[in-house]
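Commentary on secondary and tertiary structure
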Amino acid sequence: RALLSPPAGALRALRGLAAGPEMHFGFQSVTEEERRERIYQVFESVAKKYDVMNDSMTLGIHRVWKDILMHKMNPSPGTLLLDVAGGTGDIAFRFINYVRSVRERQLQRKLKHHQNLSWQEIFESYQKDKFNSLGDSQVVVCDINREMLKVGKQKAQHLGYSEGLSWVLGNAEELPFDDDKFDVYTIAFGIRNVTRIDLALQEAYRVLKPGGRFLCLEFSHVSNPLLSRLYDLYSFQVIPVLGEVIAGDWKSYQYLVESIRRFPPQEELKAMIEDAGFFKVDYENLNFGIVAIHSGFKL
Amino acid sequence: VRCQQYPPLRALQASAALRRASDEHKKEPLTSSSQQHFDSPPAGHQPEQEPQGPRPSYTGQGGQESEDYESEEQLQHRILTAALEFVPEHGWTAEAIAEGAKTLGLSVAAAGMFHSDGSELILHFVSECNTKLSELLKKEQKLVQLGEAEKKPIDEFLRDAVEARLRMLIPYIEKWPQALSVLLLPRNIPSSLNLLTSMIDDIWHYAGDQSTDFNWYTRRAVLTGIYNTTELVMMQDSSPGFEDTWRFLENRVADAMTMSNTASQVQSTGEAVVQGLMGAAVTVSN
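Residues numbered from 1 in each chain as written. Chains lettered and ligands numbered in written order. Predicted model: local features only at pLDDT ≥ 70, side-chain atom pairs only at ≥ 80, totals over all residues. Heavy atoms only, no water.

- The name given to chain B in an unreviewed UniProt entry is Ubiquinone biosynthesis protein, with the source organism recorded as Melanocharis versteri.
- UniProt lists a comment for chain B under the heading Pathway (unreviewed entry), and it reads "Cofactor biosynthesis; ubiquinone biosynthesis."
- The record held by UniProt for chain B lists under Sequence similarities (unreviewed entry) the comment "Belongs to the COQ9 family." (UniProt positions renumbered as here; feature names shortened; annotations may be inferred.)

- Naming follows an unreviewed UniProt entry, where chain A appears as COQ5 protein of Melanocharis versteri.
- Looking at chain A in UniProt, the text filed under Function (unreviewed entry) is "Methyltransferase required for the conversion of 2-decaprenyl-6-methoxy-1,4-benzoquinol (DDMQH2) to 2-decaprenyl-3-methyl-6-methoxy-1,4-benzoquinol (DMQH2)."
- The UniProt entry for chain A carries the following text under Subunit (unreviewed entry): "Component of a multi-subunit COQ enzyme complex, composed of at least COQ3, COQ4, COQ5, COQ6, COQ7 and COQ9. Interacts with PYURF; the interaction is direct, stabilizes COQ5 protein and associates PYURF with COQ enzyme complex."

**As for the UniProt feature "domain: Ubiquinone biosynthesis protein COQ9 HTH" (unreviewed entry) in chain B**
- Sites flagged by UniProt as "domain: Ubiquinone biosynthesis protein COQ9 HTH" (unreviewed entry) map to residues 72–102 of chain B.
- Structurally, residues 72–102 of chain B is divided into 84% helix and 0% strand, and its ends, taken at the C-alpha atoms, are 17 Å apart. (Helix = DSSP H or I, 4+ residues; strand = E, 2+ residues; numbered from the N terminus.)

**Concerning the nonpolar core**
- Counting residues in each nonpolar core, the largest one holds 61 residues, and the members touching the most others are Ile 79, Trp 92, Leu 121, Trp 176 and Ile 203 of chain B.
- Elements with a contribution of two residues or more to this core: helix 3 (72–84), helix 5 (94–103), helix 6 (119–145), helix 7 (154–167), helix 8 (176–183), helix 9 (189–207), helix 10 (215–235) and helix 11 (243–285) of chain B.
- Looking at this core, you find at least three residues from each of domain 1 (72–116) and domain 2 (119–273) of chain B.
- Every residue in contact with Ile 79 of chain B, bar those within four places of it in the chain, is listed here: Ile 97, Gly 100, Ala 101, Leu 104, Leu 106, Ala 110, Met 113 and Phe 114 of chain B.
- Met 53, Met 73, Tyr 253 and Val 291 of chain A belong to the second-largest nonpolar core, a separate cluster that totals 52 residues. (Core = buried A, V, L, I, M, F, W, Y, C linked by side-chain atoms within 4.5 Å. Buried < 20%, exposed > 50% of the residue type's maximum accessible area, 1.4 Å probe, protein only. Domains from an automatic or database assignment. Contact = heavy atoms within 4.5 Å.)

**Structural notes on the domain arrangement of chain B**
Residues and elements named next belong to chain B.
- Under the domain assignment, chain B is made up of domain 1 (72–116) and domain 2 (119–273).
- In this structure, domain 1 and domain 2 have C-alpha centres spaced 29 Å apart.
- Residue-level contacts link 15 residues of domain 1 with twelve residues of domain 2.
- Interface area lost by domain 1 to domain 2 is led by Leu 84, Trp 92 and His 115, which between them contribute 55%.
- Between the two partners, domain 1 and domain 2, sit zero salt bridges.
- Across the contact surface, domain 1 and domain 2 share four residue pairs in polar contact (both at pLDDT 80 or more). (Buried area = accessible area lost by both parts, 1.4 Å probe. Salt bridge = Lys/Arg side-chain N within 4 Å of Asp/Glu carboxyl O. Polar contact = N/O pair within 3.5 Å; in protein donor to acceptor, adjacent residues only side chain to side chain.)

**Looking at the pairing of strand 1 (residues 22–25) of chain A**
Residue and element names in this part refer to chain A.
- On strand 1, burial follows the alternation: Met 23 and Phe 25 on one face are buried, whereas Glu 22 and His 24 on the facing-out side are not.
- Of the pairings in the sheet, the one linking strand 1 to strand 2 (residues 28–31) comprises four bridges and is antiparallel in character. Across the sheet, residue Met 23 finds its bridge partner in strand 2, namely Val 30.
- Once strand 1 ends, the chain turns through two residues before running back antiparallel as strand 2, passing Gly 26 with a positive phi of about 65°. (Pairing = 2+ DSSP bridges.)

Printed below as a string of structure tokens:
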């Protein structure tokens, strides 16, 4: 087990932070170290069935949530995206599709304007642009879990995504990137599993370019009382059962549901993002607060 | 516990793009490591509506004096102004805003601060044009007051003011129909209507209108009608130098003058008729 602990865990131990403060793991109380280890194990065991479970738990609605996130981002070609805790690549693939279609439209518009050029010139400009179907956009998928990255790479190969995509093993609390590098930083359904959220937010601030955008898609709190009761019922009665039936892992999905309840609500997360230095921080509730998209800018 | 001391802490925060008003191009060295361990008062977030006025000087890191930081609104204004340059090519879209942000050294993602339909860009442009018009009219008024220029008759004044304002659209004329349609979206109507009415108000003010009766409304309604119709004509005008549009404008203003003359004539005729009838009635009763 000790061999499987992530690099950051080893670093923390070296720094003498072996027995960290009390943290929560679902509804249990654990040390910081233990939390990281246990979360790593959770995702290690669910990695292969991650996508299937997402579909069955949310009845496929998670796809819509991720699409909405992409529309909100509205990336233009040339954008450099860092997708943290991006594991199986859902956001990364959507980004590539989006940028590709925007680029196509751009090229079409350019061609329309080239009505007065000679055929030779049109041919040349078309050639030049043809090999740039993504318009220099790139996405880096960073995840702390090797298994999740493996599944992601396999998926990419299977679906035919190769250009503009790279996979990096890294910890959200200590990103292996330089300052001021990325245009957009996203973390979809990942920040809940980060042990020190404030550190992750600070790292996000660090690696973003000035003017860059932070986007966080995460389960949040439902304020509507009736809906909240139904949601609780579904979460605690149905989801772990699905987990056992489909993935053979009750405990991991029990953890999932509990971790959602322990995660700070919308306003609190907004305050934490502001504390990290972001401006124009705002959130959008999807499905009455079951999911929320938080957005902030590094200005 | 969040301390309410916003101004000094913002200086410490030393944000990357919100630069000091006094210090145009130097980027504040952001040492993130020293900032991470601030457990005491975190940098606060000021409500957007308050433009940040001059603050007492505060010595930040490295002994640098930090005075006024620009607010988010001011930064947004700068981005939109920079984006105008790209409108002829990209239209009133988020792409133009993204290009504008790039020229300021910001990431293209900064365009996400604005609506994807370019509403803010258009409203910003209209507001800038109105401001330019105001300044132009104020300058002219000063010249008249100093006796260096003749006071124009009303119809000429209105004609020149509307022409000057419409000429500002010429660089963007190709994409202006798109802008007009966006301004008519329900979401934007309050703001666009506000800008329109204040511009018309301005023109009448500098024209010397001091009416306090119903004339105030009719004058503004008439001029709004003239402005809007001329703008629409300009969209379809392909004559050299838009001379068709200016001729149209001249005719409309002349019509308005005639109408007001006719109206006052009708009024005086009406009064005369009433007096005549009264006299006849008195005669008959006697």
